[in-house]
Amino acid sequence: DVKVTQSSRYLVKRTGEKVFLECVQDMDHENMFWYRQDPGLGLRLIYFSYDVKMKEKGDIPEGYSVSREKKERFSLILESASTNQTSMYLCASSESRGEGTEAFFGQGTRLTVV
Amino acid sequence: AQRVTQPEKLLSVFKGAPVELKCNYSYSGSPELFWYVQYSRQRLQLLLRHISRESIKGFTADLNKGETSFHLKKPFAQEEDSAMYYCAPPGGSASKIIFGSGTRLSIRP
């Protein structure tokens, strides 16, 4: 059974705190993704990594950074959390093949910034 | 990155009525497309992919190159179909996956 695991289901943080969201996959996938999911806005890509130490910005990278030191782990970092970063965060991974591959998702982390 | 659009944020139909969730793509080449579903309190998961041409939970999706569409259809909606549905291109070598904005399907009893 394939697994993408996010370290927390729920987090409450204060404005200005540095926040780490962790994601681990056990499928040896090259690609990993961080999305945020908001009502009416759907799923928006924050950052993408296609290899260890490699990253690309998604559509909404402002206020976020990422780290991928090991193939199985992809971390999302909020340097200084703000209330507009209150959201559901989803991590995903996929194989890197020439033909199309599906994405596998974690269970999500609901972050509230107060 | 390949992109898709889902024009409807919310679709509400009665149980037993036909359902069609719209998805349009705007990239050239031979497109492949996926539909993902998220049921309440469950993780987002793949529902079906066009290349497999299969029916999953009664849903089918046909790629229409002339209309650049990949609409998801089901002839008779069931209450358990209520969920959030996303259309997306597939991943691949060093490829971002940009999802459509999603459609919330609500089935009324």
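Relevant structure appears above.
Per chain, the residues get numbers from 1 upward, laid out in the order the sequence is written. Each chain takes a letter, starting from A, and each ligand takes a number, starting from 1, following the order in which they are written. Per-residue local features are limited, in this predicted model, to residues with pLDDT of at least 70; the limit for side-chain atom pairs, both in listing and counting, is 80 or more; totals at the level of whole chains, interfaces and linings are taken over all residues. As a convention, hydrogens and water are excluded, and side-chain values are obtained from all of the structure's heavy atoms.

(A) Molecular detail of the sheet that holds strand β3 (residues 19-25) of chain A. All names here are of chain A. Pairing within the open sheet is antiparallel, and its 4 strands lie in the order β1-β3-β8-β7. The sheet is open, and its two edges are formed by β1 (4-6) and β7 (64-70), each paired on a single side. On average, adjacent strands in this sheet sit at an angle of 20° to one another, irrespective of strand direction. Following DSSP output, two strands are said to pair if at least two bridges run between them. Under the scheme used here, helices are H or I runs from DSSP no shorter than 4 residues and strands are E runs no shorter than 2 residues, and both carry numbers assigned from the N terminus. When β1 meets β3, the two strands line up antiparallel, connected through 3 bridges. Considered in β3, the bridge of Gln6 is made with Cys23. Axis lines are fitted through C-alpha atoms, for helices just across the contact stretch, and the angle between N-to-C directions can take any value from 0 to 180 degrees.

(B) Broad picture of the packing of aromatic side chains. Residue and element names in this part refer to chain B. Within 6.5 Å between ring centres, the rings of Phe, Tyr and Trp (the latter by its six-membered ring) count as paired, and their orientation is classed by plane angle as stacked under 30 degrees, edge-to-face over 60, tilted in between. In this structure the tally under the stated criterion is 12 aromatic pairs over all chains. With 5.6 Å between their ring centres and 50° between their planes, Phe59 and Tyr85 make a pair best called tilted. In this pair, Phe59 is assigned in the loop between β6 (45-49) and β7 (60-61) and Tyr85 in strand β9 (residues 83-88), connecting sequence segments 26 residues apart. Residues Tyr86 and Phe99 carry aromatic rings whose centres are separated by 6.1 Å and whose planes lie at 85° to one another, so their mutual orientation is edge-to-face. In this pair, Tyr86 is assigned in strand β9 and Phe99 in the loop between β9 and β10 (103-108), connecting sequence segments 13 residues apart.

(C) Molecular detail of unusual backbone geometry. Its identity is not glycine, yet Lys53 of chain A carries a phi of approximately 65°, on the positive side. Positionally, Lys53 of chain A belongs in the loop between β5 (42-51) and β6 (54-57). In this model, Arg41 of chain B sits at a positive phi of 65°, which is unusual for a non-glycine residue. Tracing the chain through its elements places Arg41 of chain B in the loop between β5 (34-38) and β6.

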